Amino acid sequence: MITPCRPWGMRRSPTELNERQKHVEALDIRPLSVSEHERYLADWTAVQSKFVDEPGQAIVDADRLIMEVMQLRNYPVSDFEQRAADLSVNYPALVTNYRAAREIAIKNEQLQADTEELRQAMIYYRSLFEELLETEPVVVKEK
């Protein structure tokens, strides 16, 4: 029996959400170190700068950079649906935007995305990227 897929806008059952949360907890997601944060922030700045002259390539690079940071933080990245589900646990407000950015990235690969769509994808990717750049908490020692 084939079960129809539910659109992402519909609510998930508490059991499904609990299972997804347990899955993400088992991944041992880690924050970036300060040096990793700085490196990827510089990479992101370069990607954004590229958007002016090469918007299509900038979207390809933004998607790749998101996956690199996710992988570094211990998210599995081989399957987009799994990435989106895993992200939904810690970043529920950003998953819809991530999905929209990915759809535009696919249109871009097919040379069917216009400049406005590419601009919107870049905004979506940037909001997720900023959240993924989380660093280790700074511990202040008392004297």
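Quantities reported herein were computed from a predicted structural model and do not represent experimental measurements. (Residues numbered from 1 in each chain as written. Predicted model: local features only at pLDDT ≥ 70, side-chain atom pairs only at ≥ 80, totals over all residues. Heavy atoms only, no water.)

Quick word on the packing of aromatic side chains
Using the criterion set out here, one finds 3 aromatic pairs in the structure. Ring centres of tryptophan 44 and phenylalanine 129 lie 4.5 Å apart, and the angle between their planes is 15 degrees; this geometry places the pair in the stacked category. Of this pair, tryptophan 44 sits in helix H2 (residues 34-50) while phenylalanine 129 sits in helix H6 (residues 115-132), placing them 85 residues apart in sequence. Like phenylalanine 129, tryptophan 44 is buried. Both rings, one in phenylalanine 80 and one in tyrosine 98, keep their centres 5.0 Å apart while their planes meet at 45 degrees; by these two values the pair is tilted. (Phe/Tyr/Trp six-rings, centres within 6.5 Å; stacked < 30°, edge-to-face > 60°. Helix = DSSP H or I, 4+ residues; strand = E, 2+ residues; numbered from the N terminus. Buried < 20%, exposed > 50% of the residue type's maximum accessible area, 1.4 Å probe, protein only.)

What about the pattern of salt bridges?
Under the definition given, this model contains 10 salt bridges. The salt bridge involving aspartate 63 is made with arginine 102; its shortest N-O contact spans 3.2 Å. Pair noted here: aspartate 63 is in helix H3 (residues 55-72) and arginine 102 is in helix H5 (residues 95-109), with a separation of 39 residues, a long-range link. The buried category is assigned to arginine 102, whose relative accessible area is 17%. (Salt bridge = Lys/Arg side-chain N within 4 Å of Asp/Glu carboxyl O.)

Details of the packing of H2 against H6
For any two helices packed against each other, the geometry is given by the interaxial angle and the distance between the axes. Close contact between H2 and H6 brings their axes to 12 Å; oriented N to C, the two are set at 175 degrees. Relative to H6, the element H2 is oriented roughly antiparallel. Facing H2, whose interface residues are Tyr40, Trp44, Val47 and Gln48, H6 presents Met122, Tyr125, Arg126 and Phe129. Residues that form the contact of H2 with H6 fall into these classes: 6 nonpolar, 1 polar and 1 charged. (Axes fitted to C-alpha atoms, helices over the stretch in contact; angles between N-to-C directions. Parallel < 35°, antiparallel > 145°, perpendicular 65-115°, else oblique. Contact = heavy atoms within 4.5 Å. Nonpolar A, V, L, I, M, F, W, Y, C, P; charged D, E, K, R; others polar.)

What about H5?
Look at H5: 21 Å from first C-alpha to last across 15 residues, which is about the 21 Å you get at 1.5 Å a residue. Contacts from the buried residues of H5 go to H3, helix H4 (80-90) and H6. In the stretch just after H5, leucine 111 is the one whose phi turns positive, near 60 degrees. (Expected span 1.5 Å × (residues − 1).)

Quick word on the nonpolar core
One finds Leu87, Tyr125 and Leu132 to be the most contacted residues of the largest nonpolar core, which totals 34 residues. Only H2, H3, H4, H5 and H6 provide two or more residues apiece to this core. Tallying contributions element by element places H6 first for this core, with 8 residues. With sequence-adjacent residues up to four places away left out, leucine 132 is seen in contact with Leu32, Ile66, Val69, Met70, Arg73, Tyr75, Leu87 and Tyr91. (Core = buried A, V, L, I, M, F, W, Y, C linked by side-chain atoms within 4.5 Å.)

Some details on the environment of phenylalanine 129
Its relative accessible area of 1% is what places phenylalanine 129 among the buried residues. Considered as a pair, phenylalanine 129 and valine 69 are 60 residues apart in the sequence and their alpha carbons are 8.3 Å apart. Not counting residues up to four positions away in its chain, the partners in contact with phenylalanine 129 are Tyr40, Trp44, Leu65, Ile66 and Val69.

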